Amino acid sequence: MKVDIFNTNKKYNIIYADPPWEFSSKQLQKVNGTRFHSLNEEYITTSTKSMCAWGGVIDNIATSDSAIFMWSTDAHLKEAIALMEAWGFKYKTVAFVWSKHSNKGNELFTLGAWTMKNCELCLLGTKGRMLQYKKANNVLQLCKAERTRHSQKPSEIRDRIVQIFGDIPRIELFARQQVDGWDCWGNEV
């Protein structure tokens, strides 16, 4: 179900977010005299400062005992932790590492400023006593999954989140699609 997080009284124990990070540093880098193409052209991006200002909105939809699973590139780790904290969560760990593969199972790589990139990170933060909801200790961190549409994350991660915490109220922010069992909010849904 699509939800307007700015105008809802609904509360969630799980918040799953794929923030639209700005990639301004890549706009300045060159390889063989050619600039990297800007990822900001793929979808509307938002500054970390602007997203941090949504702390009151996130606090309004999060229960007192809640967890956030937040996607970040390695270049945005500092910003992701700052955003998580601005939204009232304490960073705990890297919950998932997505190793990107083709539909034939081959690893896929993207040119990075320092190394070839083929992974994205999903960070975990909590507030309150979220550990009381934990149902499983055997959920794997590494997810080898196909890279499909730009920035679309593997559906398997949503399943793993439910394995960890069970069937409790959950929402996906910056969603690109509606998924059974999840409320969603995003301009692409």
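Residues numbered from 1 in each chain as written. Predicted model: local features only at pLDDT ≥ 70, side-chain atom pairs only at ≥ 80, totals over all residues. Heavy atoms only, no water.

A. Just the confidence of the model for the protein chain, in detail. Taken as a whole, the protein chain shows an average pLDDT of 88; of its residues, 88% reach a score of 70 or greater. Mean pLDDT values for the elements of the protein chain range from 49 in helix H1 (residues 24–28) up to 98 in strand S1 (residues 12–17). Counted against residues more than four places away or in other chains, residues 36–40, with its pLDDT under 50, gives 15 contacts. (pLDDT = per-residue confidence, 0-100. Helix = DSSP H or I, 4+ residues; strand = E, 2+ residues; numbered from the N terminus. Contact = heavy atoms within 4.5 Å.)

B. Helix H5 (residues 155–165), seen in detail. Here H5 has its buried residues at Ile-157, Arg-158, Arg-160, Ile-161, Ile-164 and Phe-165. Along H5, the residues classed as buried sweep out an arc of 160° about the axis, all on the same side. On its buried face, H5 sits against S1, strand S4 (62–72), strand S5 (90–101), strand S7 (142–146) and strand S8 (170–173). (Buried < 20%, exposed > 50% of the residue type's maximum accessible area, 1.4 Å probe, protein only. Arc of directions from axis to C-beta.)

C. Local environment of the nonpolar core. Membership of the largest hydrophobic core comes to 26 residues, with the highest contact counts inside it found for Ile-15, Trp-87, Ile-171 and Leu-173. Taken together, the elements giving at least two residues each to this core come down to S1, helix H3 (55–61), S4, helix H4 (77–86), strand S6 (119–127) and S8. Residues contacting Ile-15, with those up to four places away along its chain left out, are Ile-58, Ile-61, Ala-62, Ala-67, Ile-68, Phe-69, Phe-89, Ile-171 and Leu-173. (Core = buried A, V, L, I, M, F, W, Y, C linked by side-chain atoms within 4.5 Å.)

D. Just the sheet that holds S1, in detail. Judged by pairing direction, the sheet is mixed, and its 7 strands sit side by side in the order S7-S5-S6-S4-S1-S8-S9 without closing on themselves. With one partner strand each, in any of the chains shown, S7 and strand S9 (183–185) form the two edges of the open sheet. Going across the sheet, the axis of each strand differs from the next one's by a mean of 20°, ignoring polarity. (Pairing = 2+ DSSP bridges. Axes fitted to C-alpha atoms, helices over the stretch in contact; angles between N-to-C directions.)

E. Just unusual backbone geometry, in detail. A positive phi is found at Phe-174, a non-glycine position, where the angle reads about 65°. Mapping Phe-174 onto the fold places it in the loop between S8 and S9. Assessed through its relative accessible area of 14%, Phe-174 is described here as buried.

F. Region of the structure containing the pattern of salt bridges. Within this structure, the stated rule accounts for 9 salt bridges. The partner of Asp-183 in a salt bridge is Lys-10, with the nearest N and O atoms 2.7 Å apart. In this pair, Asp-183 is assigned in strand S9 and Lys-10 in the segment before S1, connecting sequence segments 173 residues apart. Residue class for Asp-183 comes out buried when judged on its relative accessible area of 9%. Here Lys-10 falls in the partly exposed class, since its relative accessible area comes to 34%. (Salt bridge = Lys/Arg side-chain N within 4 Å of Asp/Glu carboxyl O.)

G. Quick peek at the packing of aromatic side chains. Enumeration over the complete set of coordinates arrives at 9 aromatic pairs. Pairing Trp-54 with Trp-185 gives two aromatic rings, centres 6.0 Å apart and planes at 85°, and the pair type is edge-to-face. Linking Trp-54 in the loop between helix H2 (48–52) and H3 with Trp-185 in strand S9, this pair joins segments that are 131 residues apart in sequence. An aromatic cluster is defined as three or more aromatic residues linked by ring pairs; in this entry it consists of Phe-6, Trp-54, Phe-174 and Trp-185. In this structure, Lys-153 packs its charged tip against the face of Trp-71, placed 5.6 Å from the ring centre. Above the ring of Trp-182, the side-chain terminus of Arg-170 is found at 5.3 Å from the ring centroid. (Phe/Tyr/Trp six-rings, centres within 6.5 Å; stacked < 30°, edge-to-face > 60°. Lys NZ or Arg CZ within 6 Å of the ring centre and 35° of its normal.)

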